[in-house]
Protein chains: 2
Amino acid sequence: MIFIKKYYDKSQQYFIFTETTRDYMSNCIKDITHNEAFELLTESELLILKNNKTSIKYDKGEVLIKQGTLSNSIIFVKKGISKIYIEGSQKKIILTIKRDNNFLGLSSLYTEDKTYQYTVTALEKCKVELYDKTAFKEVLKKNVAFSNEIIKYINHNTSRFYKRLLCITEKNSRGKVADMILCLSNHIFGCLEFTIPLSRQELAEFAGLSMENTIRILKEFEADKLIKLKGKSFKIKNKTMLERISEFG
Amino acid sequence: MIFIKKYYDKSQQYFIFTETTRDYMSNCIKDITHNEAFELLTESELLILKNNKTSIKYDKGEVLIKQGTLSNSIIFVKKGISKIYIEGSQKKIILTIKRDNNFLGLSSLYTEDKTYQYTVTALEKCKVELYDKTAFKEVLKKNVAFSNEIIKYINHNTSRFYKRLLCITEKNSRGKVADMILCLSNHIFGCLEFTIPLSRQELAEFAGLSMENTIRILKEFEADKLIKLKGKSFKIKNKTMLERISEFG
DNA sequence: CTTATTTATTGATATTTATCAAAAAATATT
DNA sequence: AATATTTTTTGATAAATATCAATAAATAAG
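What counts, and at which threshold
- Residues numbered from 1 in each chain as written.
- Chains lettered and ligands numbered in written order.
- Predicted model: local features only at pLDDT ≥ 70, side-chain atom pairs only at ≥ 80, totals over all residues.
- Heavy atoms only, no water.
- Least-squares fit on C-alpha atoms with pLDDT ≥ 70 in both.
- Contact = heavy atoms within 4.5 Å.
- Pairing = 2+ DSSP bridges.
- Helix = DSSP H or I, 4+ residues; strand = E, 2+ residues; numbered from the N terminus.
- Axes fitted to C-alpha atoms, helices over the stretch in contact; angles between N-to-C directions.
- Domains from an automatic or database assignment.
- Buried area = accessible area lost by both parts, 1.4 Å probe.
- Salt bridge = Lys/Arg side-chain N within 4 Å of Asp/Glu carboxyl O.
- Polar contact = N/O pair within 3.5 Å; in protein donor to acceptor, adjacent residues only side chain to side chain.
- Nonpolar A, V, L, I, M, F, W, Y, C, P; charged D, E, K, R; others polar.
- Expected span 1.5 Å × (residues − 1).
- Phe/Tyr/Trp six-rings, centres within 6.5 Å; stacked < 30°, edge-to-face > 60°.
- Lys NZ or Arg CZ within 6 Å of the ring centre and 35° of its normal.
- Buried < 20%, exposed > 50% of the residue type's maximum accessible area, 1.4 Å probe, protein only.
- pLDDT = per-residue confidence, 0-100.

## Observations concerning the relation of the copies chain A and chain B
Expressed as a screw transformation, the operator carrying chain A onto chain B has a rotation angle of 180° and an axial translation of 0.0 Å, and the superposed copies differ by an RMSD of 0.0 Å. Taken together, the rotation angle and the small translation identify this as a two-fold axis. A high fraction, 98%, of the interface residues of chain A reappear at the interface in chain B, so the copies pair face to face through one surface.

This is the structure in structure tokens:
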């Protein structure tokens, strides 16, 4: 039987699940793809982008965007998984993991600070298109529907971060790890069995915990038969319980 | 002599400041005002807004925006201080405190989820203008410069949240409290002596700590002659040291 | 002005989580 | 295949922080 430890529950040291109708705040809101935006462009606008486009392939581990450098490009990832993270003075925190058909660098479109706010590195081979920011802005000026679609993507990211901020403040370490596993399953891989392109250290940076703590909780989940682990391959065996740990932890 | 306690510093239990050139990540990046956006509009566009505008006054404590309700308005705060916060299932976290001449609700402009992501309440009397979202979007569609200015505001908020996320993950409790005090001083009140419209509980929600812990650290800062406290009135006596605590804590 | 109620403060304590250290396992290198 | 190196895991421990409880102070209500 699995319980969730709660702070200072006097009557019983462990908290047993009860059915309540709380708002369930998870990092795991579904991500949206960004490819529809291009369909809003006219031939001439597409041509502007085409003439200011560079197609590049990145290998695993290579840096697509480096925090602090001048943001001269808007990047569209056609294929591949990448991690977006902020580098602090002591720690790193992975904001999100992005799949195919996503823009990178939109949050640096119009800002006083002309540098990228985060670093992006490829977690596997990535095929990307670099658009010159000036040209991209030109198209943005010409086409209001396109511009609004871009606002939509930016706002979608923002609402993800609101949730993430709350999760980091509110959830305990088990909740964070459960949430991360569900996030990987639901939104990155879309299935219950997957192999992560992340080290344990990176998992910790994603969960916002120390590596040792993250590992310990993963092992705990394994002992409780919630997941099955083998190196980087994960198998979710009791999704309902993971959801409850994420919700109540 | 003031030291900053560091985790497990073996050689010496307390960490003494050393001059390094680290990136200093603070929540306290300067906020921008949003009134310039209106200057980009034509007469006819201003008229559309004017015809879809309601002017309202809110008293202290009243709710301007409620998380989860349908986002039918874009709000422009002409005058007054308000707090923006996310309500979790167990905790609240104050995202930011906004002054005069700021838009609220921009992050709900274009989203699948048509509800507000956060709650906003007045910390003092507020004079606001409610714009019908449909009309606001109509103007956005007509005027690209306006649209881009709005993107700028949204992105500015985003970069604030990136920093905030990092601060919450990286800083210890003293660093968080020091950072909060500096934020209030630099960007909300613009001076070293100010009276906060926040309770201790709200300060804790702003710092992301428990109320008791927040109070204890405030008292500690007072004992160390960094600040002077009297109820809700604050006086900063050693800004340099606060900055270092925020930086290294 | 007195009493009730809320808010702020302090102290003691428990829990969570990070850190350190060392071993085991996995991967890379020769 | 043997060795070196890195990553992962485990155990022990310390520090940070939250919680509980009780008191003090401030504010509101009668």
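## Observations concerning the sheet that holds strand S12 (residues 227–230) of chain A
Within a sheet, each strand pairs with its neighbour through backbone hydrogen bonds, oriented either parallel or antiparallel. Residue and element names in this part refer to chain A. Here 3 strands make up an open sheet; going across it, the order is S11-S13-S12 and the pairing antiparallel. Taken across any chain shown, the strands that pair with only one partner, and hence form the sheet edges, are strand S11 (193–195) and S12. Shown here is a sheet whose adjacent strand axes are inclined to one another by a mean of 15°, direction ignored. Pairing of S11 with strand S13 (residues 233–236), which is carried by 3 bridges, proceeds in the antiparallel orientation. Note that in S13 the partner of Phe194 across the bridge is Phe234. Contacts from helix H4 (residues 173–189) reach S11, S12 and S13 within the one sheet, and its direction differs from that of S11 by about 90°.

## Some thoughts on the domain arrangement of chain A
Residues and elements named next belong to chain A. Taken domain by domain, chain A comprises domain 1 (35–164) and domain 2 (171–248). Put simply, the middle of domain 1 and the middle of domain 2, counted by C-alpha atoms, are 27 Å apart. Domain 1 puts 11 residues into the contact, and the matching count from domain 2 is 9 residues. When domain 1 packs against domain 2, the two sides together hide about 1000 Å² of surface, and 64% of this comes from carbon and sulfur. Put simply, domain 1 and domain 2 have 1 salt bridge between them. One salt bridge in this structure joins Lys83 and Glu202, with 2.6 Å as the shortest N-O distance. On the surface where domain 1 and domain 2 come into contact, there are 4 residue pairs in polar contact (both at pLDDT 80 or more). Of the residues in the side of domain 1 that touches domain 2, the class split is 6 nonpolar, 1 polar and 4 charged.

## Some words on helix H4 (residues 144–170) of chain B
An ideal rise of 1.5 Å per residue puts 39 Å on 27 residues; H4(B) measures up with 39 Å between its terminal C-alpha atoms. N-cap assignment for H4(B): the residue whose side-chain oxygen lies 3.0 Å from the backbone N of Ala145(B) is Asn143(B).

## Concerning the interface of chain A and chain B
Counting from both sides, the interface comprises 45 residues of chain A and, opposite them, 45 residues of chain B. Here chain A packs against chain B, burying approximately 4300 Å² in sum over the two surfaces, 62% of which is carbon and sulfur. For the chain A face of the interface with chain B, the top three residues by lost area are Tyr162(A), Leu165(A) and Glu170(A), together amounting to 17%. Across the contact surface, chain A and chain B share 0 salt bridges.

## Structural notes on the packing of aromatic side chains
Residue and element names in this part refer to chain A. Under the definition given, this model contains 24 aromatic pairs over all chains. Considering the side-chain rings of Phe38 and Phe76, the 5.0 Å spacing of their centres and the 90° angle between planes classify their relative orientation as edge-to-face. Of this pair, Phe38 sits in the loop between strand S2 (14–15) and helix H1 (43–51) while Phe76 sits in strand S5 (residues 73–79), placing them 38 residues apart in sequence. Among the aromatic residues, those joined into a ring-pair cluster are Phe38, Phe76, Phe103, Tyr131, Phe136, Phe146 and Tyr153. Here the basic side chain of Lys83 rests over the ring of Tyr85, its NZ or CZ set 4.6 Å away from the ring centre.

## With respect to the sheet that holds strand S9 (residues 119–122) of chain A
Residue and element names in this part refer to chain A. Taken in spatial order, the 4 strands of this open sheet run S4-S9-S6-S7, and their pairing is antiparallel. The open sheet is flanked by strand S4 (63–65) and strand S7 (92–98), the only strands paired with a single partner. Averaged over neighbouring strand pairs, the angle between their axes works out to 30° when direction is ignored. Here strand S6 (residues 82–87) runs beside S9; their pairing, made up of 4 bridges, is antiparallel. What sits directly across from Ile84, in S9, is Val120.

## Thoughts on unusual backbone geometry
All names here are of chain A. Not every positive phi belongs to a glycine, and Asn101 is a case in point at roughly 60°. Tracing the chain through its elements places Asn101 in the loop between S7 and strand S8 (102–104). A residue is classified by how much of its surface remains accessible, and Asn101, at 22% relative accessible area, is partly exposed. One non-glycine residue, Lys225, adopts positive backbone phi at about 60°. Relative to the elements of secondary structure, Lys225 occurs in the loop between helix H6 (211–223) and S12. The exposed category is assigned to Lys225, whose relative accessible area is 59%.

## Focus: the confidence of the model for chain A
Chain-level pLDDT for chain A is 88 on average; 88% of the residues reach the 70-or-more range. Contacts of residues 1–23 of chain A to residues separated by more than four positions or lying in other chains number 37 contacts, the stretch itself having pLDDT below 50.

## A word on the pattern of salt bridges
All names here are of chain A. The final tally for this structure, using the stated rule, is 16 salt bridges over all chains. Residue Glu129 pairs with Lys53 through a salt bridge whose shortest N-O separation is 3.4 Å. Of this pair, Glu129 sits in strand S10 (residues 126–132) while Lys53 sits in strand S3 (residues 53–58), placing them 76 residues apart in sequence. Among the residues examined, Glu129 registers a relative accessible area of 8% and is labelled buried. One continuous salt-bridge network, built from bridges that share partners, spans Lys53, Lys78 and Glu129.

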